[in-house]
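# Descriptive structure summary
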Amino acid sequence: MTRDDRQSKPLELYIHIPFCEKKCNYCDFLSFRALPQLHREYTKQLCREIRTAGRGMENYRVVTIFIGGGTPSVFEPVLIRQIMEAVGENFRVAPEAEVTIEVNPGTLLKNKLAVYRDCKINRLSIGLQSADNRELAWLGRIHSYEDFLKTFQYARMEGFSNISVDLMSGIPGQTFDSWKNTLKKVTMLKPEHISAYSLIVEEGTPFWEVYGPKAEGGKSGQGRTKDREGERPAAGWPALPDEDMEYKIYSFTRTYLAGQGYGRYEISNYSRPGWECRHNIGYWTEVPYLGLGLGASSYVMGCRFRNESDIESYMALDFSAGDGGETLEALHGPVQKLSREERMEEFMFLGLRMVQGVSELDFAAMFGVKLTSVYGPVLERLKKDGLVKQEGTRIALTEWGMDVSNFVLSEFLL
Ligand code: SF4
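Computed from a predicted model, the values in this text were never measured in an experiment. (Residues numbered from 1 in each chain as written. Predicted model: local features only at pLDDT ≥ 70, side-chain atom pairs only at ≥ 80, totals over all residues. Heavy atoms only, no water.)

## A look at the site of the ligand
Close to the ligand lie Cys 20, Lys 22, Lys 23, Cys 24, Tyr 26, Cys 27, Phe 29, Ser 31, Gly 70, Thr 71, Asn 104 and Arg 141, which account for all nearby residues. Counted by class, the shell around the ligand contains five nonpolar, four polar and three charged residues. (Near = heavy atom within 4 Å. Nonpolar A, V, L, I, M, F, W, Y, C, P; charged D, E, K, R; others polar.)

This is the structure in structure tokens:
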């Protein structure tokens, strides 16, 4: 590390590729299908944005890059190369940076992996969700378990030594046995990292029509929506696992993965020792991040903003006007400067998601006051209820606190 590197501040980059082959039944991400021509034009525009945004970031050192989506692997690999070259030419990227790309097993050809390696991408995040092909079909995924196996094997053959696999519980028709089978098949491959999220039925998705509160047979407000209440089979669709089953799956996951050498380091994330996702940890510990591309979010210098999310408006931006500063402002839209209280809340919300919790010393260094002087009564109450624990100068959620984390975290609102 050079002297300049030591003096520069760490920065994470998130690069959004909003295209997919087909929309999954549960997905409310900013993603859609488009022709290859738009892929190419979008890449050109994204590279213009990268060039313009890089001008104001000379004092930062990029420590992680995450190319997410959408489905970045839907792109011809040459487009990923162009994006990575633009980043390398316009940002100071640390040599040891963690560089991740999300891939869908239905879109990944062997030749793409070689290009990724060549572009210094050193981590793959593979979206599997389930090893059961029927469950994949209900989700509307475009791949099978066998496609995933091939992808994983090609990735190892290509030299990727840091692979994460995304799994999903709470899928229609999922049973305890099918989830166990998914975990078993995946851990046998020994990926370095596993993310295990549970399905949320989001408004505006096909699943909302089937499982949302207003679907046939449903009671208003009791669908398997964000608050995870109730269960309801719908005509022609299998039922969602009920709450008891969800809890059984959740508890089993923790125990089973621990037995296989995967420690939980965040509510939904597990890794073999030393393979935690640095990008995620940076996000939870408030390392500034800059989002590039359609609809990408940023948090830089205590300010939060989100890029334009309409593709036509994004493509129409003119980065060649002046020094591009005004165009960046138009791209970023309203900038929200967080108040001191909001930053304290963020510190707690994000930090407590991690198993190691938050440090009282970090809080004092960041805000100039003791954590207990702000949150003392809340902490005492949560400790008494067995939801929060204190270990030295660190405060963390207990296992029980993790189970009901939505409730516990809401207690830290100021
Ligand atoms: S592949 Fe991912 S981003 Fe694309 S539609 Fe499916 S869930 Fe959404």
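## Let's talk about the side chain of Ser 125
Looking at where Ser 125 falls in the secondary structure, it is placed in strand β4 (residues 123-129). A relative accessible area of 5% means that Ser 125 is categorised as buried. (Helix = DSSP H or I, 4+ residues; strand = E, 2+ residues; numbered from the N terminus. Buried < 20%, exposed > 50% of the residue type's maximum accessible area, 1.4 Å probe, protein only.)

## Looking at the nonpolar core
With 68 residues, the main nonpolar core has Tyr 116, Ile 121 and Leu 290 as its most contacted residues. Apart from the residues within four sequence positions on either side, Leu 290 is in contact with Leu 11, Glu 12, Leu 13, Tyr 14, Ala 53, Met 57, Phe 91, Ser 297, Ser 298, Val 300 and Phe 305. Residues Leu 352, Tyr 375, Val 388 and Leu 409 belong to the second largest nonpolar core, which totals 21 residues. (Core = buried A, V, L, I, M, F, W, Y, C linked by side-chain atoms within 4.5 Å. Contact = heavy atoms within 4.5 Å.)

## Topic: the pattern of salt bridges
Inspection of the entire model under this criterion finds 13 salt bridges. Across the pair Glu 399 and Arg 264 runs a salt bridge, and its minimum N-O distance is 3.2 Å. Here Glu 399 is found in helix α16 (residues 399-403), whereas its partner Arg 264 is found in strand β7 (residues 263-266), with 135 residues between them in sequence. Residues Lys 383 and Glu 380 are paired through a salt bridge, measuring 3.7 Å at the closest nitrogen-oxygen approach. One end of the pair, Lys 383, and the other, Glu 380, are both in helix α15 (residues 371-384), three residues apart, so they sit about a helical turn from each other. Under the relative-accessibility criterion, Lys 383 is labelled partly exposed at 27%. Accessibility expressed as a relative area gives 47% for Glu 380, which makes it partly exposed. (Salt bridge = Lys/Arg side-chain N within 4 Å of Asp/Glu carboxyl O.)

## Digging into the environment of Phe 66
Mapped onto the fold, Phe 66 is located in strand β2 (residues 60-69). The spatial distance from the C-alpha of Phe 66 to the C-alpha of Tyr 265 is 19 Å, given a sequence separation of 199 residues. In this structure Phe 66 touches Leu 13, Tyr 14, Ile 15, Thr 100, Glu 102, Arg 123 and His 279, once residues within four positions along its chain are discounted.

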